[in-house]
Amino acid sequence: MSRRPGVRTHHTVLRCFCLVIWCLCSTCVIHTLSSEAASPQPPASPPDPVSQGAPASPSAPDQTTLIMPLSLAEAIRLALQNSLDIERARVAPEVTRAQVEQARAVFDPSLGLHASFGQAKTLPVTQTLLFDSNTGIINGARVVRPFSDHGNLTPNLQQKIATGANYTISLVNTRDRVTPVNNRIADPRYTSDVLLTFTQPLLKDFGLAVNMAPIQQALYAAESARQQVLQTILDTVFAVQQGYWTLLFRRQDLAAKRESQQLAVDFLGENTQRVELGIVARVDLVQAQTQVKLREGDVIAAETALQDAEDSLKLLLNLPERKGTWNFSLLPSDTLPFVPVQDLAVADKVQLALQHRPDVLRARLAVASQEIAHEVAQHQRLPRLDLQGQVSVSAFSDRVDTALADLGQADGYRWWIGMQFTYPLGNRAALNEVQRQEALLRQTRIEQRQVFQTVEQQIRQAVRALESLAKRVEATRAASRLARTQLAGEQEKFRLGLSTSFNVLTFQSQLSS
């Protein structure tokens, strides 16, 4: 009981102790957490509460009769399995993996098919005179009405390759029938053409770097999402540790408040007897009654704080959703031993954090992705100069199978090659895009520097606070012992008539605080 008046200082130490663990030791668990993030286990139901027959907590509602003993290791395990924050964070890598595949899909080939059929009947323009073969006399005229039908079936394959080139391979199959036939070699006429068309940029949009940039940026985003999962896991573990020790503190604090309340009640009873005997004035009784009410208010506030701390930890572990109820009590089974602080090498801890902390790695990934965007923007300032070409081989026949078979003979062919140059006057769009990306890159690098400084400041502050509060714990323990001794002495003086109720109540308040 001698240590309870100092639980507030212990609570402050618990918070700083958890903060130092998170800042200094997060890198030590990254590999373990990475495995957990990469292959999450199916959520397991937390252990069933054990019926104790006694109230779940000193402040639990009457209907709550279940107590769930909980160690810190079990709390962390339940949080890793059930936390909604972690579950939500684990969805992000799935999104970024899909984005990576979407970026790669730009280079996927695509199949196409074009089919058409049409007819044409031309209005007559001229007529042909008919002569009698014997007399040579015109005996009539014939009007020619040209008629034709045309069919086309063209499958094709298109693809973009990593150098920026695009090509299309087409197999053009046509059928033509014309009336009158006149001197056509074949009617109907089946023609087959194999056609290869390509375009290769030589300046703008040329090269692996610029065409693979979206894929590389998507990969950086995927890695950043994975680091965010690790960060969420670390934050959750830290929050569980803090919530666990807060719950333990609230229980101890409630016990200390009840002890102070009991001291006030005992002193009130003692003063009541003295008033009845006429030893002290009735005003001393009013002071004692006031102290009892104040201590009662402290107990009520401590009970509320305990319930709030318990609900916060339940929410972190997602236990109400798993169990379907809030009506159970958590009973921490671990205690936090006080270990004197050893000399901590701050520079080494800072260097370790800058190499392994997820927020630092995400900042570096953001800079790398923005550097790629800046390089692509600079490349887009170049004029467009494309190498273009086309090659085709043709064959025809009065049968479709023969036309296709004759393609290998290459009786008919055509090819051409050329260059196309384009440059926008002023090129303002590309130049302003470069300026925008340069500004974004500077902004991202500044944010990275801020992260580095924040990490170092957090570690330095945490180490400094831990060392300071460790000394305060020792001082508070000594002050607690002295305050208890002082209160006992003042109570003895009061019984001997050498002190007043006011002095005793003052020392009780000092001991309680």
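About the thresholds
- Residues numbered from 1 in each chain as written.
- Predicted model: local features only at pLDDT ≥ 70, side-chain atom pairs only at ≥ 80, totals over all residues.
- Heavy atoms only, no water.
- Axes fitted to C-alpha atoms, helices over the stretch in contact; angles between N-to-C directions.
- Helix = DSSP H or I, 4+ residues; strand = E, 2+ residues; numbered from the N terminus.
- Parallel < 35°, antiparallel > 145°, perpendicular 65-115°, else oblique.
- Left-handed = near helix turned anticlockwise from the far one by under 90°.
- Contact = heavy atoms within 4.5 Å.
- Nonpolar A, V, L, I, M, F, W, Y, C, P; charged D, E, K, R; others polar.
- Salt bridge = Lys/Arg side-chain N within 4 Å of Asp/Glu carboxyl O.
- Pairing = 2+ DSSP bridges.
- Expected span 1.5 Å × (residues − 1).
- Bend = angle between axes of the 7 residues up to and from the residue.
- Polar contact = N/O pair within 3.5 Å; in protein donor to acceptor, adjacent residues only side chain to side chain.
- Buried < 20%, exposed > 50% of the residue type's maximum accessible area, 1.4 Å probe, protein only.
- Core = buried A, V, L, I, M, F, W, Y, C linked by side-chain atoms within 4.5 Å.
- pLDDT = per-residue confidence, 0-100.
- Phe/Tyr/Trp six-rings, centres within 6.5 Å; stacked < 30°, edge-to-face > 60°.
- Lys NZ or Arg CZ within 6 Å of the ring centre and 35° of its normal.
- Patch = residues over 30% accessible without salt bridge, like charges linked within 9 Å, V, L, I, M, F, W, Y side chains within 5 Å.
- Areas by Shrake-Rupley, 256 points an atom, 1.4 Å probe, with all protein chains shown as cover.

Section: the packing of helix α10 (residues 358-379) against helix α12 (residues 428-495)
Here's step 1: Between α10 and α12, the shortest axis-to-axis distance is 9 Å and the interhelical angle comes to 165°. Comparing their axes, α12 and α10 come out roughly antiparallel. Handedness of the crossing formed by α10 with α12: left-handed. Counted together, Asp359, Val360, Ala363, Arg364, Ala366, Val367, Gln370, Glu371, Ala373, His374, Ala377 and Gln378 of α10 and Glu433, Val434, Gln437, Glu438, Leu440, Leu441, Thr444, Arg445, Gln448, Val451, Phe452 and Val455 of α12 form the full contact between these two elements.
Here's step 2: Per-class residue counts for the contact of α10 with α12 are 12 nonpolar, 6 polar and 6 charged.

Thoughts on the pattern of salt bridges
Here's step 1: Across all of its chains, the model carries 20 salt bridges by this definition.
Here's step 2: The salt bridge partner of arginine 445 is glutamate 371, with a shortest N-O separation of 3.0 Å. Of the two residues, arginine 445 sits in helix α12 while glutamate 371 sits in helix α10, which places them 74 residues apart along the sequence.

Concerning the sheet that holds strand β7 (residues 166-179)
Sheets are built from strands that pair by backbone hydrogen bonding, the pairs being arranged parallel or antiparallel.
Here's step 1: The 6 strands lie next to each other as β3-β6-β7-β8-β10-β11, forming an open sheet whose pairing is antiparallel. The open sheet terminates on both sides in strands that have one partner only, identified here as β3 (110-121) and β11 (412-422). Across the sheet, the axes of successive neighbouring strands diverge by a mean angle of 15°, strand direction being ignored.
Here's step 2: Pairing of β3 with strand β6 (residues 147-160), which is carried by 12 bridges, proceeds in the antiparallel orientation. Note that in β6 the partner of glutamine 119 across the bridge is aspartate 149.

Remarks on helix α6 (residues 208-277)
Here's step 1: In a regular helix each residue adds 1.5 Å, so 70 residues correspond to 104 Å; α6 covers 101 Å between its end C-alpha atoms and thus fits that length.
Here's step 2: In the structure, α6 departs most strongly from a straight axis at proline 214, where the bend amounts to approximately 40°.

Concerning the environment of arginine 251
Here's step 1: By the secondary structure assignment, arginine 251 is in helix α6.
Here's step 2: Along the backbone, arginine 251 and leucine 306 are 55 residues apart, and their C-alpha atoms lie at a distance of 6.5 Å.
Here's step 3: Only 3.2 Å separates the side chain of arginine 251 from the side chain of serine 329, close enough to count as a polar contact.

Structural notes on the environment of threonine 154
Here's step 1: Examined against the element boundaries, threonine 154 turns out to sit in strand β6.
Here's step 2: Expressed as a C-alpha distance, the spacing of threonine 154 and serine 170, which sit 16 residues apart in the sequence, is 6.5 Å.
Here's step 3: Excluding anything up to four places from it in sequence, threonine 154 contacts Gly112, Leu113, His114, Ser170, Leu171, Val172 and Asn173.
Here's step 4: Side-chain polar atoms of threonine 154 contact the side chain of asparagine 152, separated by 2.7 Å.

Examining the pairing of strand β8 (residues 189-201)
Here's step 1: Sheet topology note: the β7/β8 ladder contains 11 bridges and is antiparallel. Bridge pairing in β8 links threonine 174 to threonine 191.

Details of unusual backbone geometry
Here's step 1: One non-glycine residue, aspartate 205, lies in positive phi territory at about 70°.
Here's step 2: Note that aspartate 205 resides in the loop between β8 and α6.
Here's step 3: Judged by its relative accessible area of 21%, aspartate 205 is partly exposed.
Here's step 4: In this model, asparagine 318 sits at a positive phi of 55°, which is unusual for a non-glycine residue.
Here's step 5: Tracing the chain through its elements places asparagine 318 in the loop between α7 (282-317) and α8 (319-323).

Examining the nonpolar core
Proteins that are soluble and globular tend to have nonpolar side chains buried together.
Here's step 1: Core analysis: the largest hydrophobic core is formed by 28 residues, its most contacted members being Leu70, Leu313, Leu317 and Leu330.
Here's step 2: The set of elements that each furnish at least two residues to this core consists of β2 (66-70), α3 (72-82), α4 (84-89), α6 and α7.

Comments concerning the confidence of the model for the protein
Here's step 1: Looking at the protein as a whole, its pLDDT mean stands at 82, while 85% of the residues score no less than 70.
Here's step 2: The model gives residues 1-14 a pLDDT under 50, and that stretch makes 34 contacts with residues more than four places away or in other chains.
Here's step 3: Below a pLDDT of 50 lies the segment residues 16-64, which in the model reaches 111 contacts outside its immediate sequence neighbourhood of four places, other chains included.

Section: the environment of isoleucine 138
Here's step 1: Its location among the elements puts isoleucine 138 in strand β5 (residues 138-143).
Here's step 2: Residue class for isoleucine 138 comes out partly exposed when judged on its relative accessible area of 48%.
Here's step 3: Filtering out sequence-adjacent residues up to four positions away, isoleucine 138 remains in contact with Leu129, Leu130 and Phe131.

Notes on the packing of aromatic side chains
Here's step 1: Applying the stated criterion across every chain, the model contains 1 aromatic pair.
Here's step 2: Taken together, a centroid distance of 5.2 Å and an interplanar angle of 85° make the contact between tyrosine 244 and tryptophan 245 edge-to-face. In terms of burial, tyrosine 244 and tryptophan 245 fall into one category: buried.
Here's step 3: In this arrangement the basic side chain of lysine 314 is found over the ring face of phenylalanine 328, its NZ or CZ atom lying 4.4 Å from the centre.
Here's step 4: Positioned above the aromatic ring of phenylalanine 328 is the side chain of lysine 323, whose terminal nitrogen or guanidinium carbon lies 5.8 Å from the ring centre.

As for a nonpolar patch on the surface
Here's step 1: Residues Ile169, Val194, Leu196, Val391, Tyr413, Trp415 and Ile417 make up a contiguous nonpolar surface patch of roughly 710 Å² in combined accessible area.
Here's step 2: Among the secondary structure elements, those contributing two or more residues to the nonpolar patch are β8 and β11.
Here's step 3: In terms of residue count, the dominant contributor to the nonpolar patch is β11 (3 residues).

Overview of the pairing of β7
Here's step 1: Sheet topology note: the β6/β7 ladder contains 12 bridges and is antiparallel. Of the residues in β7, the one forming a bridge with asparagine 156 is serine 170.
Here's step 2: In this structure, the hairpin formed by β6 and β7 is closed by a connection of 5 residues, where glycine 164 is found at a positive phi of approximately 100°.

Concerning the packing of helix α5 (residues 91-104) against α6
Here's step 1: Taken N-terminus to C-terminus, the directions of α5 and α6 make an angle of 170°; their axes are 8 Å apart at the nearest point. As far as their axial angle goes, α6 and α5 are roughly antiparallel. Contact with α5, carried on its side by Ala92, Pro93, Thr96, Gln99, Val100, Ala103 and Arg104, involves Pro214, Ile215, Ala218, Leu219, Ala221, Ala222, Ala225, Arg226 and Val229 of α6 and no other residues of that element.
Here's step 2: Class assignment for the residues of the contact of α5 with α6 results in 12 nonpolar, 2 polar and 2 charged.

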